[in-house]
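# Summary of the model geometry
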Amino acid sequence: MAINKVMVIGAGQMGAGIAQVCAQSGYEVILNDVSEEALEKGTKGIEKQLARSVAKERITENEKKETLSRLSTSTQLEDAGSCDMVIEAVVENMDVKTKVFGDLDTIAPAHAILASNTSSLPITEIAAATNRPDQVIGMHFMNPVPVMKLVEIIRGLQTSEETYKVVEDMAVQLSKTPVEVKDFPGFVSNRILMPMINEAIFAVYEGVASPEDIDTVMKLGTNHPMGPLTLADFIGLDTCLYIMEVLHDGFGDSKYRPCPLLRKYVKAGWLGKKSGRGFYQYQ
């Protein structure tokens, strides 16, 4: 099956990034969101990223214009009716995602593949909200999408071999490196990353060292490009907490219990960079 037209649902940082790389790779793209404000912010972000690439001579001005010409916006989910593939990048909440997929199942063409950018939720459960579970798959991009090369491709229990192959080929077309992952909580990246971040938060909670010193240890001692607490602020502490809860619920293992300090920060509204304060303060 050929994919020519793609809808990306959710114009936040992840959705806008996915829309950008799809448009740059020659696909016709509809960026969808219920909020006009989010769409405007998302498209301005894409334009800014492309302008930066032109300035750094990674792409030409003409390539930038061609990319933007392939990109349109929509607030109506019904516009998925003309798409070969839909990539969902909405809030990391199972109820929200299953509602979106249930609606898409009645709107998207029979041949269309429905993919989720979920970072931790089970694809099998999302697929069960549709009458085409064999055409539902996980496509977990890394942040920031235009820069990071990895895409975790997650097979649900019902995902067909044909669907997997089409999505794998598309990931390559997007200049990404696809990795096949089974449908387990947190997949691979977050199953390993989030407990490390959570343990760094425990080290702060227990007074082992300051956030700055913990990050320095991990950067200079283990060659991480960014310390775990800086990374947590960048991801969003609410997102980190949610993924830890998914791991804890999914495996029932106490090693995945979220640190009480993480819960306290989220309750205080200290969500990291996006709120202006997390383990560090931001202007």
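This one's a predicted model, so the numbers in the text were calculated from it and none came from an experiment. (Residues numbered from 1 in each chain as written. Predicted model: local features only at pLDDT ≥ 70, side-chain atom pairs only at ≥ 80, totals over all residues. Heavy atoms only, no water.)

### Observations regarding the packing of aromatic side chains
For the structure on display, the rule yields 4 aromatic pairs. Relative to F279, the ring of Y265 has its centre 4.9 Å away and its plane inclined at 35 degrees; by these criteria the two rings are tilted. Pair noted here: Y265 is in helix 11 (residues 260-267) and F279 is in the segment after helix 11, with a separation of 14 residues, a long-range link. With a relative accessible area of 15%, Y265 lands in the buried category. Every member of this aromatic cluster is reached through a ring pair, and the members are Y265, W270 and F279. When the ring centre of Y164 is taken as origin, the NZ or CZ atom of R155, which lies over that ring, is 4.2 Å away. (Phe/Tyr/Trp six-rings, centres within 6.5 Å; stacked < 30°, edge-to-face > 60°. Helix = DSSP H or I, 4+ residues; strand = E, 2+ residues; numbered from the N terminus. Buried < 20%, exposed > 50% of the residue type's maximum accessible area, 1.4 Å probe, protein only. Lys NZ or Arg CZ within 6 Å of the ring centre and 35° of its normal.)

### Section: the UniProt feature "domain: 3-hydroxyacyl-CoA dehydrogenase C-terminal" (unreviewed entry) in the chain
According to UniProt, the positions carrying the feature "domain: 3-hydroxyacyl-CoA dehydrogenase C-terminal" (unreviewed entry) are residues 186-282. Regarding residues 186-282, the helix share stands at 62% and the strand share at 0%, and the terminal C-alpha atoms are separated by 28 Å. (UniProt positions renumbered as here; feature names shortened; annotations may be inferred.)

### Re the UniProt feature "domain: 3-hydroxyacyl-CoA dehydrogenase NAD binding" (unreviewed entry) in the chain
UniProt records the feature "domain: 3-hydroxyacyl-CoA dehydrogenase NAD binding" (unreviewed entry) for residues 5-183 in the present numbering. A distance of 27 Å separates the end C-alpha atoms of residues 5-183, which is 41% helix and 22% strand.

### Focus: the packing of helix 10 (residues 237-251) against helix 11
For any two helices packed against each other, the geometry is given by the interaxial angle and the distance between the axes. Their axes nearest at 9 Å, the elements helix 10 and helix 11 cross at an angle of 135 degrees. Of the possible angle classes, the one that applies to helix 10 and helix 11 is oblique. Relative to helix 11, helix 10 is oriented so that their crossing is left-handed. Contacts between helix 10 and helix 11 involve L237, D238, C240, L241 and E245 from the former and L262, R263, Y265 and V266 from the latter. A per-class count over the contact of helix 10 with helix 11 returns 6 nonpolar, no polar and 3 charged. (Axes fitted to C-alpha atoms, helices over the stretch in contact; angles between N-to-C directions. Parallel < 35°, antiparallel > 145°, perpendicular 65-115°, else oblique. Left-handed = near helix turned anticlockwise from the far one by under 90°. Contact = heavy atoms within 4.5 Å. Nonpolar A, V, L, I, M, F, W, Y, C, P; charged D, E, K, R; others polar.)

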